[in-house]
Amino acid sequence: MQRRTLLATTVAALATLSMPVLADTNWPERPVRILVSFPPGGSSDLVARLLGEKLSASLGQQFVVENKPGAAGTVAASALKEAESDGYTLMLSNLTPFNVAPIRFPDTPYDAIADFDHITYVGTVHLGLFAAPSMGVSDLAGLIDAAKADPGAYEYGSSGVGSWGHIIAEQFQNVSDTELFHIPYKGSGPMRLDFRGGVVPSIFDAVPQNLPAVEEGTAIPLAVTATERLSSLPDVPTFTELGYDIVAENWLGFSAPVGVPEDIKTKLDSALTDAMALPEVKAQFDTWGLVRAPKTSEAFSEYVSAQLDQWTPMVKAAME
Amino acid sequence: MEMFANLSLGLATAATMTNLTYCFVGVFLGTFIGVLPGVGPLAAVAMLLPISFYLEPSTALVMLAGVYYGAEYGGSIASILLNIPGTPSSSVTCIDGYPMAQQGRAGVALFATSVASFFGAIFGVIVMVLLSPRLAEFALLFQPAEYFSVMVLGLIAASIVSSSGVLRGLMMVCLGILLGTIGVDVNSGDTRFTGGIAELRDGVSLVVVAMGLFGISEVMISLRGATQSYAGQTLRGRDIYPSWGEWRRSFLPALRGSTIGAFFGTLPGTGQTVASFVGYALEKRVSRNKDNFGKGAIEGVVVPEAANNAAAQTAFIPTLTLGIPGSTTMALMLGALMIHGITPGPRLISDHPDLFWGLVVSFLFGNLFLLVLNIPLIGLWVRLLRVPHYYLYPTVIMMICVGVYGISNSLTDVWATLAFGVIGYVLRLFRFEPAPMLIGFVLGPMMEEYFRRAMLLSRGDPLVFLERPGSAALLGIGVLVLCATAFPVKKILTNLIARKGTA
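All values derive from a computational prediction rather than experimental measurement.

1. Points about the overall build of chain A
Here's step 1: In terms of helices and strands, chain A carries 11 helices and nine strands.
Here's step 2: By the compact-globule yardstick of 20 Å for 320 residues, chain A fits well, its C-alpha radius of gyration being 21 Å.
Here's step 3: Taken across its 320 residues, chain A has 52% of its residues classed as buried.
Here's step 4: Taking the contacts inside chain A whose residues are at least 6 apart along the sequence as the reference set, 78% of them involve residues at least 24 apart.

2. Thoughts on the overall build of chain B
Here's step 1: Along chain B, the regular secondary structure elements total 21 helices and two strands.
Here's step 2: Radius of gyration (C-alpha) of chain B: 22 Å, near the 23 Å computed for a compact globule of 503 residues.
Here's step 3: With the principal axes as the frame, chain B shows a C-alpha extent of 75 × 60 × 50 Å.
Here's step 4: Buried positions account for 57% of the 503 residues belonging to chain B.
Here's step 5: Partitioning the intrachain contacts of chain B with sequence separation of at least 6 by distance along the chain shows that 80% fall at a separation of at least 24.

3. Quick word on the interface of chain B and chain A
Here's step 1: Facing 37 residues of chain B, the contacting portion of chain A comprises 35 residues.
Here's step 2: Among the elements of the structure, helix 3 (41-52), helix 14 (328-338) and helix 19 (434-457) of chain B are those that each provide at least two residues to the side of chain B that touches chain A.
Here's step 3: Looking at the side of chain B that touches chain A, the element that brings in the most residues is helix 14 of chain B, giving six residues.
Here's step 4: Partitioning the side of chain B that touches chain A into residue classes produces 20 nonpolar, 11 polar and six charged.

4. What about the nonpolar core?
The tendency in soluble globular proteins is for nonpolar side chains to be buried side by side.
Here's step 1: Residues B:Val45, B:Leu61, B:Leu64, B:Met151, B:Val161, B:Phe277 and B:Val278 are the most contacted members of the largest nonpolar core, which totals 251 residues.
Here's step 2: Of all the elements, helix 6 (residues 106-141) of chain B adds the most residues to this core, at 18 residues.
Here's step 3: Residue assignment places this core across two domains, with domain 1 (2-124 + 250-318) and domain 2 (126-224) of chain A each supplying three or more.
Here's step 4: Sequence-distant contacts of B:Val161, that is, excluding residues within four places in its chain, are made with B:Val92, B:Ile95, B:Gly169, B:Phe277, B:Tyr280, B:Ala281, B:Lys284, B:Ala435 and B:Pro436.

5. Describing the confidence of the model for chain A
Caution applies to low-pLDDT regions: their predicted coordinates should not be interpreted in detail.
Residues and elements named next belong to chain A.
Here's step 1: When pLDDT is averaged along chain A, the result is 88; 92% of the residues meet or exceed 70.
Here's step 2: Model confidence for chain A, summarised as mean pLDDT per element, is weakest for helix 1 (residues 2-18) at 50 and strongest for strand 8 (residues 220-224) at 96.
Here's step 3: Low confidence marks residues 14-23, where pLDDT is under 50. Its contacts with residues over four positions away, or in another chain, come to eight contacts.

6. Section: the environment of B:Tyr147
All names here are of chain B.
Here's step 1: Within the secondary structure layout, tyrosine 147 lies in helix 7 (residues 144-161).
Here's step 2: Placed 117 residues apart in sequence, tyrosine 147 and phenylalanine 264 show a C-alpha to C-alpha distance of 11 Å.
Here's step 3: Those residues in contact with tyrosine 147 that sit more than four places away from it in its chain are Phe142 and Tyr450.

7. Quick notes on the domain arrangement of chain A
Residue and element names in this part refer to chain A.
Here's step 1: Here chain A is described as being made up of domain 1 (2-124 + 250-318) and domain 2 (126-224).
Here's step 2: Taking the mean C-alpha position of each, domain 1 and domain 2 sit 30 Å from one another.
Here's step 3: Between domain 1 and domain 2, the residue contacts involve 13 residues of the former and 12 residues of the latter.
Here's step 4: At the level of secondary structure, the elements contributing two or more residues to the side of domain 1 that touches domain 2 comprise helix 4 (95-104) and helix 11 (297-318).
Here's step 5: Looking at which element gives the most residues to the side of domain 1 that touches domain 2, the answer is helix 11, with four residues.

8. Observations regarding the environment of B:Val27
All names here are of chain B.
Here's step 1: Structurally, valine 27 is set in helix 2 (residues 17-35).
Here's step 2: For the pair formed by valine 27 and valine 173, sequence separation is 146 residues and the distance between their alpha carbons is 33 Å.
Here's step 3: Residues within four places of valine 27 in sequence aside, it is in contact with Gly66, Gly70, Gly366, Phe369, Leu370 and Leu373.

9. Describing the pairing of strand 6 (residues 181-184) of chain A
Here's step 1: Where strand 5 (residues 155-158) of chain A lies against strand 6 of chain A, four bridges are found, and the strand directions are parallel. Paired with A:Tyr156 across the strands is A:His182, a residue of strand 6 of chain A.

10. What to know about the pairing of strand 4 (residues 116-131) of chain A
Residues and elements named next belong to chain A.
Here's step 1: In terms of residue burial, strand 4 counts as a mostly covered element, since 16 of its 16 residues are buried.
Here's step 2: Relative to strand 9 (residues 249-257), strand 4 runs antiparallel, the two sharing nine bridges. Paired with aspartate 117 across the bridge in strand 9 is alanine 256.
Here's step 3: Summarising the sheet, strand 4 and strand 7 (residues 202-206) pair through five bridges and their orientation is antiparallel. Counterpart to glycine 128 in the pairing with strand 7 is aspartate 205.
Here's step 4: Relative to strand 8, strand 4 runs antiparallel, the two sharing four bridges. Note on strand 8: the bridge partner recorded for phenylalanine 130 is proline 221.

11. Description of the environment of B:Gly195
Residues and elements named next belong to chain B.
Here's step 1: Inspection of the secondary structure puts glycine 195 in the loop between strand 2 (191-192) and helix 9 (206-224).
Here's step 2: Residue classification places glycine 195 among the exposed residues on the basis of 7 C-beta atoms within 10 Å.
Here's step 3: Spatially, the C-alpha atoms of glycine 195 and alanine 312 are 37 Å apart, while their sequence positions differ by 117 residues.

Procedures and definitions
Residues numbered from 1 in each chain as written. Chains lettered and ligands numbered in written order. Predicted model: local features only at pLDDT ≥ 70, side-chain atom pairs only at ≥ 80, totals over all residues. Helix = DSSP H or I, 4+ residues; strand = E, 2+ residues; numbered from the N terminus. Rg over C-alpha atoms; globule rule 2.2 N^0.38 Å. Buried ≥ 20, exposed ≤ 12 C-beta atoms within 10 Å, placed from the backbone. Contact = placed C-beta atoms within 7 Å. Nonpolar A, V, L, I, M, F, W, Y, C, P; charged D, E, K, R; others polar. Core = buried A, V, L, I, M, F, W, Y, C linked by C-beta atoms within 7 Å. Domains from an automatic or database assignment. pLDDT = per-residue confidence, 0-100. Pairing = 2+ DSSP bridges.

Below you can see the structure in the form of structure tokens.
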């Protein structure tokens, strides 16, 4: 632990030296809240806690994780919008409250783009289509053939109506001209239990949490929604590779209410970038299956808007 | 032989100085946090999760597990002394524990709780050691149809535990189920009964309902003076040992409770609550002392506590052997492993046998610590009751508000808790008990979810509940329990009529 502190302090010192512009702001002078739209214990919560700890070490103030789960993440995002834009309230932003919920719930009390400063991109998790061994298929073509032979006979599980798994599954059925039977769950845990118990023969679920089952042979990965193959599943093709235009990224980032002073944004972004460059953070992200690609603040902002444009028709189609 | 190898490996991990210390720290903090009204095992584990980042994975898990069952135990203290259960399962303990406290027998109730918890936990650990891998497979045999039938059984049990009559019990269960329908409907994704309030999209929070119905309403009742104040009674703090007769009467109930608990604990998500209620309901049927249930029968404390703690231990089986969390608290435990780069999954036991068996053995130590820690503390807890009302009750209300706010960071929840306090007060004025309502609230939505999922899977054929043997058996038990309840009611009625006739 001492070594970590030392490392973090060194990094912080280097960061301060290399960027004299940072001297302009005294932020943070008191503890900073990081809102998390998930209950404690999940991998996104752990990302916030891990980075919060590194930020506390490098910026000399406590970064406190505050879990505000609920209403598809909109409870946390609404709270973020209401907060002062002084850099003392941040949120671990992600796909659902910013790109899915505003379209699903027209009464969402914020504008995902105009009301926020999307500051730092953290990384993304991809979705995969997994089949149970009992289904007897080993690749996507096999599943499509089976589904075409017997429309509506095969079930797929998702972690809920309007979840990204459900939205992508609906899109998959559209582009592959198949019909699967939807079994919605309340979250991924109960779904994976039923999947393993042979209740549902296929699931659309985030890749990382299913890797142990893949290794065990109880889940057969058919395709992933990334733009290129994942290092954790190098033998599994992407949907695009197989000719189906399906890409889905559950991204994570740091966002704040709109209007945070430029110098604070710069300081936060560089502190986060340094933290994510630490070998132990990288290693941890790898085990959690978080795919990291550096993006500047501007690029991240544009990315969030582009994602919103990409998801809008998909969400509408799935919720019809 | 393999079993002994496992145990000795576990002992080697659990009996290190560090792990023993953190095990003790865990149960100690767990007990004290769990005593606070409004703070259950989930909140206690969440609070201490960050500490575990600095520990070795096995130490972290041992400590968090200690916090978990320590808080479970601490919750029963508040249930017995103040009628404020921290979890739905400890609301069963209230049914007889609180009357015992009112009769000045709080010490005995707490002692019985300690011993029964210990008994149940050890029973659960033995089941884990003997059957872990096989039990995980068994849990997987449970499909939506079986889960539905378990819920039905749980709700039947809940409606007959009420001491104010089955009809009132059923009404409260139904009210709870109705309350549970608020929020997003799983199958359509549409919201129901939220009145357009975004916070209600995920339903009313359990802590809000439990703390309002029990905690706040209890304070209001005591202000009104409707229940006899017991704070003024001279409590014989040292007189905590049950009589020989009570010891003897408690053994079989403890065994039955533990068996039921160990069984239901392996079912992810539902175990503890159903176990306590079913255990209590069964005991109320078979006990010779059934007439005293609800009026301070020691068996009424022993059974749910034994069941609840046996379930708390066996709940680790599906979580650790499959790597899929059965409840939010278990998700936190797995989170503690993930932060150390250990991916929970089916290979956890084979890849990290020291971790798994170390944890199992630490349960033995932890429960022993709990016993040793708590028996001397009983006197202290009982003395809490001597605190004058004008200090005690404002403190309780404040702690409930802080606890509720601390869990959700939402002021709306605090107001909702106070509102449920008023509802609970009115219900209790008319002799409706809150415990069946709470379980209806918890199990109702799950029952609906599993019912509809089973119906989706069978494409709308309701016979699925009878065709699957497990489901049919559970429903059969439910029907039997209902019949068994109906008959004594008849007997009482005929007695009454006969008495009126002779009078």
